[in-house]
Amino acid sequence: PMDAPVQKHAEWLIRMVDLRRDHFTEVLRELSHKDLTQLSTIVRCVLMMGMAELDRGELEADVILDDILNLTRTYDGSESVGFVNGVLDAYMERQ
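About the cut-offs
Residues numbered from 1 in each chain as written. Predicted model: local features only at pLDDT ≥ 70, side-chain atom pairs only at ≥ 80, totals over all residues. Heavy atoms only, no water. Helix = DSSP H or I, 4+ residues; strand = E, 2+ residues; numbered from the N terminus. Rg over C-alpha atoms; globule rule 2.2 N^0.38 Å. Buried < 20%, exposed > 50% of the residue type's maximum accessible area, 1.4 Å probe, protein only. Contact = heavy atoms within 4.5 Å. Areas by Shrake-Rupley, 256 points an atom, 1.4 Å probe, with all protein chains shown as cover. Salt bridge = Lys/Arg side-chain N within 4 Å of Asp/Glu carboxyl O. Core = buried A, V, L, I, M, F, W, Y, C linked by side-chain atoms within 4.5 Å. Phe/Tyr/Trp six-rings, centres within 6.5 Å; stacked < 30°, edge-to-face > 60°. Lys NZ or Arg CZ within 6 Å of the ring centre and 35° of its normal.

Undergrad: Describe the overall build of the protein chain, naming the residues involved and giving the relevant values.
TA: Counting its secondary structure elements, the protein chain contains five helices and zero strands. In sequence order, the protein chain lays out its α and β elements as α-α-α-α-α. For the protein chain, the C-alpha radius of gyration of 13 Å lies close to 12 Å, the compact-globule estimate for 95 residues. Across its three principal axes, the protein chain shows a C-alpha extent of roughly 40 × 25 × 25 Å. When each of the 95 residues of the protein chain is scored for burial, the buried share is 34%. Sequence separation of 24 or more characterises 66% of the internal contacts of the protein chain that already satisfy a separation of 6 or more. On the protein chain, roughly 6,000 Å² of surface is accessible, and the fraction owed to carbon and sulfur atoms is 52%.

Okay, structure coming up:
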């Protein structure tokens, strides 16, 4: 079982990605310069989670990036880390 604060944050993150999916998808189209069907589901999800966390602004960007890159490395593989990092860097530059 998760601690209550961790569970609350996970639920918030899931809601935000779901509510802002169309927005995040459009941003991914603009920033990735790829057909989104070329991205794994894991990569799309971690990118949307990263954007939601960055928009929330409760943690420093480098902490968010580190967590998202670790998730990418763990669940999609090291070869995707550079791509995810580049997209999230571009997202932060837009803000």
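And the narrative resumes.
Undergrad: Pulling in residues and values, what's your account of the pattern of salt bridges?
TA: Across all of its chains, the model carries five salt bridges by this definition. Across the pair Glu26 and Arg29 runs a salt bridge, and its minimum N-O distance is 3.8 Å. One end of the pair, Glu26, and the other, Arg29, are both in helix α2 (residues 21-32), three residues apart, so they sit about a helical turn from each other. A relative accessible area of 38% places Glu26 in the partly exposed class.

Undergrad: Any details on the nonpolar core? Residues and values, ideally.
TA: Membership of the largest hydrophobic core comes to 25 residues, with the highest contact counts inside it found for Leu28, Leu47, Met51, Val84, Leu88 and Tyr91. For this core, the elements supplying multiple residues, two or more each, are α1 (4-19), α2, α3 (41-56), α4 (61-75) and α5 (81-94). In terms of residues, this core owes the most to one element, α3, which gives seven residues. Apart from the residues within four sequence positions on either side, Leu47 is in contact with Leu28, Phe83, Val84, Val87 and Leu88.

Undergrad: Provide a residue-level description of the packing of aromatic side chains, including the pertinent values.
TA: Evaluated as defined, the whole model comprises zero aromatic pairs. Seen from the ring of Phe83, Lys34 lies directly overhead, with NZ or CZ sitting 4.6 Å from the centre. Across the ring face of Trp12, the terminal group of Arg56 is positioned such that the distance to the ring centre comes to 4.0 Å.

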